[in-house]
Amino acid sequence: MSNIPTPTVSGPGRDSATDARRSARRRPRLSRGVTYTALVLGLAATLLPFAWMALGSFKTQGELMQRPITWWPQEPTLDNYTRWLTQLDFGQFLTNSVVVAVVVVLGNLVFCSMVGYALAKMDFPGKRALFLLVLMTLMVPGVVTLIPMFVLVSNLGLVNTYPALILPFLAGPIGVFLMRQFILGIPDALIEAARIDGAGEFRVFFRIVLPQCGPPLATLAILTFLGSWNNFLWPLVVAQTESMYTLPVALSLYSVGSNGTYYGLLMAGSVLVVTPILVLFLFLQRFFVQGIAMSGIK
Amino acid sequence: MAVLSPRGRRRQSVGAAHRRKQAIVAWLFALPFVAVFAVFMLGPLLASFAMSFTDFTIRDIRDPFAVNIVGLDNFIGVFSDELFRKSLLNTFYFVLVGIPLTMVLGLALAVALNSGIERFRAVFRVGYYTPVVTSIVAVAVVWRFILQDSGLLNTVLGWFGISGPDWLNDPTWAMPSIIAMAAWRNMGTLMIIFLAGLQAIPSEVYEAAEMDGAGPWRRFTMMTVPLMRPTLLLGAVLLSVGFLQVFEEPFVMTSGGPLNSTLSISYFVYNQFGYGAYSFASAGAYVLFALIAALSAVQFRLLRSKDV
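An unreviewed UniProt entry lists chain B under the name Carbohydrate ABC transporter membrane protein 1 (CUT1 family), with Serinibacter salmoneus given as the organism. Word for word, the UniProt comment on chain B under Subcellular location (unreviewed entry) is "Cell membrane".

Per an unreviewed UniProt entry, the recorded name for chain A is Carbohydrate ABC transporter membrane protein 2 (CUT1 family), and the organism is Serinibacter salmoneus. Per UniProt, the comment on chain A under Sequence similarities (unreviewed entry) is "Belongs to the binding-protein-dependent transport system permease family."

Asker: Just to check I follow, could you spell out the overall build of chain A for this structure?
Answerer: Looking only at helices and strands, chain A features 14 helices and zero strands. In chain A, the succession of helices and strands from N to C terminus is α-α-α-α-α-α-α-α-α-α-α-α-α-α. For chain A, the proportion of its 298 residues judged to be buried stands at 48%. When contacts within chain A are restricted to residue pairs at least 6 apart in sequence, those whose partners lie at least 24 apart make up 73%. Carbon and sulfur atoms provide 66% of the accessible area of chain A, an area that totals close to 14400 Å².

Asker: Just checking my understanding: could you explain the overall build of chain B for this structure?
Answerer: Each helix and strand counted, chain B has 13 helices and zero strands in total. Written out in order from the N terminus, the α and β elements of chain B read α-α-α-α-α-α-α-α-α-α-α-α-α. Expected size for 308 residues packed as a compact globule is a radius of gyration near 19 Å; at 26 Å, chain B overshoots this value by more than 25%. Overall, chain B is about 95 × 65 × 30 Å in size when its C-alpha atoms are taken along their principal axes. Residues counted as buried form 51% of the 308 residues belonging to chain B. Carbon and sulfur atoms make up 66% of the accessible area of chain B, which totals about 15000 Å².

Asker: Any chance you could explain the confidence of the model for chain B here in plain terms?
Answerer: Low-pLDDT portions of the prediction should not be read for the details of their coordinates. All names here are of chain B. Here chain B shows a mean pLDDT of 87. Residues at 70 or above account for 94%. Predicted confidence for residues 1–5 stays below pLDDT 50, and this span has two contacts to residues more than four positions away or in other chains. Note on the complex model: pTM 0.86, ipTM 0.86.

Asker: Quick question: what am I supposed to make of the UniProt feature "transmembrane region" (unreviewed entry) in chain A here?
Answerer: All names here are of chain A. Within this numbering scheme, the UniProt entry marks residues 34–55, 93–118, 130–153, 165–183, 204–226 and 262–284 as carrying the feature "transmembrane region" (unreviewed entry). With 100% helix and 0% strand, residues 93–118 has its two end C-alpha atoms placed 37 Å apart. Taken end to end, residues 204–226 is 83% helix and 0% strand, and its two terminal C-alpha atoms sit 30 Å from one another.

Asker: Looking at this structure, I do not really get the pattern of salt bridges. What am I missing?
Answerer: In a structure, side chains of opposite charge can pair up when their charged atoms sit close to one another. Residues and elements named next belong to chain A. Tallied over the full model, the rule gives four salt bridges over all chains. In this structure, Lys121 engages Asp188 in a salt bridge whose closest nitrogen and oxygen atoms are separated by 2.8 Å. Within this pair, whereas Lys121 is found in helix α4 (residues 90–121), its partner Asp188 is found in helix α9 (residues 188–196), the two being separated by 67 residues in sequence. The partly exposed category is assigned to Asp188, whose relative accessible area is 48%.

Asker: Could you clarify how one ought to interpret the interface of chain A and chain B in this entry?
Answerer: Interface size, as often reported, equals the accessible area lost upon joining of the parts. Tallying the contact residues gives 90 residues for chain A and 89 residues for chain B. Roughly 7900 Å² is buried in total at the junction of chain A and chain B, and carbon and sulfur atoms are behind 79% of that figure. Among the residues of chain A in contact with chain B, Leu39, Met139 and Ile147 of chain A are the three that bury the most area, contributing 8% of the side total. Summed over the shared surface of chain A and chain B, the number is zero salt bridges. Per element, the largest residue contribution to the side of chain A that touches chain B is 17 residues, and it comes from helix α14 (residues 263–297) of chain A.

Asker: Explanation requested: the confidence of the model for chain A in the structure shown.
Answerer: Overall, the predicted model of chain A reaches an average pLDDT of 83, with 86% of residues at or above 70. Note that pLDDT drops below 50 for residues 1–26 of chain A; the model gives that stretch three contacts with residues more than four away or on any other chain.

Asker: Honestly, the packing of helix α8 (residues 173–184) of chain A against helix α11 (residues 214–230) of chain A in this entry has me stumped. Any pointers?
Answerer: For any two helices packed against each other, one specifies the crossing angle of their axes together with the interaxial distance. All names here are of chain A. Contact pair α8 / α11: the axes reach a minimum separation of 10 Å and the direction vectors enclose 170°. One way to sum up the angle between α8 and α11 is to call them roughly antiparallel. Where α8 abuts α11, its residues Ile174, Gly175, Leu178, Met179 and Phe182 lie against Pro216, Leu217, Thr219, Leu220 and Leu223. For the contact of α8 with α11, the class distribution of residues is eight nonpolar, two polar and no charged.

Asker: Can you help me understand the UniProt feature "domain: ABC transmembrane type-1" (unreviewed entry) in chain B in this one?
Answerer: The positions UniProt marks with the feature "domain: ABC transmembrane type-1" (unreviewed entry) are residues 88–299 of chain B. With 75% helix and 0% strand, residues 88–299 of chain B has end C-alpha atoms that lie 20 Å from one another.

Asker: Looking at this model, I keep getting lost on the side chain of Lys121 of chain A. Mind explaining?
Answerer: We classify Lys121 of chain A as buried; its relative accessible area is 11%. Side-chain polar atoms of Lys121 of chain A contact the side chain of Asp188 of chain A, separated by 2.8 Å. When sequence neighbours within four positions are dropped, the list of residues in contact with Lys121 of chain A reads Ile183, Leu184, Ile186, Pro187, Asp188, Ile191 and Arg195 of chain A together with Gln22 of chain B.

Asker: Looking at this model, I keep getting lost on the UniProt feature "transmembrane region" (unreviewed entry) in chain B. Mind explaining?
Answerer: UniProt marks residues 24–47, 92–114, 126–146, 173–196, 227–247 and 275–298 of chain B with the feature "transmembrane region" (unreviewed entry), using the numbering shown here. Taken as a whole, residues 24–47 of chain B contains 100% helix and 0% strand, while its terminal C-alpha atoms sit 29 Å from one another.

Asker: Please explain the packing of aromatic side chains as it appears in this structure.
Answerer: For any two aromatic rings, the description comes down to two numbers: the centre-to-centre distance and the angle of the planes. For the structure on display, the rule yields 43 aromatic pairs over all chains. Geometrically, the ring pair formed by Trp71 of chain A and Trp159 of chain B is tilted, given 6.1 Å between the ring centres and 35° between the ring planes. Note that Trp71 of chain A is positioned in the loop between α2 (61–65) and α3 (79–85) and Trp159 of chain B in helix α6 (residues 152–159), a pairing that runs across two chains. Owing to a relative accessible area of 58%, Trp159 of chain B belongs among the exposed residues under this scheme. Among the aromatic residues, those joined into a ring-pair cluster are Trp52, Trp71 and Tyr263 of chain A together with Phe145 and Trp159 of chain B. Against the face of Trp52 of chain A rests Lys59 of chain A, its NZ or CZ located 4.3 Å from the ring centre. Across from the ring centre of Phe131 of chain A, 3.9 Å away, lies the NZ or CZ of Arg180 of chain A, which sits over that ring.

Calculation rules
Residues numbered from 1 in each chain as written. Chains lettered and ligands numbered in written order. Predicted model: local features only at pLDDT ≥ 70, side-chain atom pairs only at ≥ 80, totals over all residues. Heavy atoms only, no water. UniProt positions renumbered as here; feature names shortened; annotations may be inferred. Helix = DSSP H or I, 4+ residues; strand = E, 2+ residues; numbered from the N terminus. Buried < 20%, exposed > 50% of the residue type's maximum accessible area, 1.4 Å probe, protein only. Contact = heavy atoms within 4.5 Å. Areas by Shrake-Rupley, 256 points an atom, 1.4 Å probe, with all protein chains shown as cover. Rg over C-alpha atoms; globule rule 2.2 N^0.38 Å. pLDDT = per-residue confidence, 0-100. Salt bridge = Lys/Arg side-chain N within 4 Å of Asp/Glu carboxyl O. Buried area = accessible area lost by both parts, 1.4 Å probe. Axes fitted to C-alpha atoms, helices over the stretch in contact; angles between N-to-C directions. Parallel < 35°, antiparallel > 145°, perpendicular 65-115°, else oblique. Nonpolar A, V, L, I, M, F, W, Y, C, P; charged D, E, K, R; others polar. Polar contact = N/O pair within 3.5 Å; in protein donor to acceptor, adjacent residues only side chain to side chain. Phe/Tyr/Trp six-rings, centres within 6.5 Å; stacked < 30°, edge-to-face > 60°. Lys NZ or Arg CZ within 6 Å of the ring centre and 35° of its normal.

Laid out in structure tokens, this is it:
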């Protein structure tokens with residue numbers, strides 16, 4: 001009666017049928033094995049530079065120059081790190097990077113969500129033009145604005161100061177785009193209801209809109225922090241004394257000229273630049289990935 | 001109705017007043033952003049454009065308006081500058097090889113992670129994404145060390161009997177080395193974007209194709225790639241905007257050398273800026289901007305015409 005093929009104990013068709021079924025199951029398992037192997041090997045190769053950087057940072061100059069190369073540090077040393085902390089002012093570089101990043105993140109969170117709200121939920125003349133301008137500047141290369149910005153900053157007497165490092169990045173187009181897209185999705189009814197109840201726009205924004213913006217704000221905070229921490233060209237131009245170097249600038253300037261051969265120092269420096277962001281990434285990786293997906297796809 | 005009733009007129013003027021009030025409030029909300037945007041983005045963007053038609057140099061920094069208009073001289077100048085032409089070619093080389101390579105790696109990772117791999121998927125995603133979040137300067141320093149004449153890469157190649165070149169000091173190999181590093185650093189971004197694209201394809205489509213006897217390769221070329229077109233194009237746009245601006249990698253790894261083989265457009269502009277040739281540098285920067293804008297326009301047109 002039933003059409004469901006039941007395994008029979010005997011009969012001519014039995015072997016080939018089970019074989020077919022088994023191989024159908026086996027083939028994906030085999031290809032899955034191949035995929036896993038490739039993924040693991042690829043991952044090892046991808047992460048190898050980080051391992052090499054970490055191992056190298058504990059080697060002496062002599063060992064780094066020694067051929068053939070060594071894998072594990074033969075006489076592990078902390079010299080490379082102590083040089084960053086004593087001879088080079090690592091504390092100052094770190095402070096600069098942190099101060100700049102924190103202020104830039106806060107600025108973006110506040111300013112971009114404000115303009116994002118206006119663009120998403122209010123009507124005003126010039127709205128379309130403003131949004132189009134924001135979108136168009138998403139692809140402006142950094143070197144295009146570099147020179148006028150430098151002329152401006154130097155005329156304001158701000159070269160080699162925190163404001164020069166911070167102000168240009170206090171609010172960026174990506175943040176505006178991100179916040180606008182998210183706030184568009186907040187139901188109009190909610191906002192209308194608050195307005196009818198007599199709430200002003202500032203109240204609506206701070207009480208109704210902002211509390212719902214947790215996910216995009218987290219994403220924006222991470223994207224902006226990442227951008228600021230890894231930013232290079234502008235700090236390279238406006239930070240002119242060691243007291244204003246951010247970490248990547250310090251690292252790059254110690255990697256050229258006569259310092260360029262002190263690979264241990266450079267490896268330790270790379271570890272010091274990369275570790276904070278990697279730790280943050282491991283804890284908040286969901287938001288990092290979300291950030292790329294959101295800023296990339298929408 | 002020709003004449004509005006008094007009531008109607010009043011209602012209209014209340015509406016107008018309300019609209020005006022909302023417009024003011026809206027601009028107040030936009031103000032902090034607009035201020036930063038105007039001073040540090042729009043202003044410099046226009047200033048740099050204007051500057052490229054003048055003879056502005058570092059000497060004019062305190063008095064930007066005391067300059068002469070020189071028309072297209074700077075643009076003619078950059079295009080007749082051998083170094084600039086070299087930097088154009090180098091940048092095209094970087095983009096034309098780097099983008100397909102990064103796209104293939106990103107797509108391969110996305111397809112692999114989407115092919116019924118459940119266990120450790122998060123581990124792979126995080127692991128392959130790691131290079132994306134790290135500072136270019138820091139990883140470029142490390143790669144410089146790896147690519148040394150008798151460094152890690154050549155040691156590993158030596159196991160297979162290959163004697164590798166002195167990667168970064170060989171004019172033939174310096175750019176490929178930088179491209180490889182850029183692909184390594186950016187494939188994670190594409191992996192994430194492509195993974196989202198793949199997951200948007202309904203599984204019934206694949207099941208139907210499988211029933212019709214399409215093998216994995218056929219399913220990939222005949223279905224995955226066409227269905228992913230918008231996502232693939234988006235990845236290409238994002239990547240090309242970034243890759244055309246390449247600067248940090250050659251700055252840290254090769255200083256533009258050897259023999260200017262890794263001098264990029266951004267690097268050329270940065271150097272001219274360093275020499276104080278501000279208007280000349282601005283012309284170079286605007287050529288780069290025009291390239292990026294043109295490429296994005298083409299890619300977005302492709303995106304719009306065939307899909308959506």
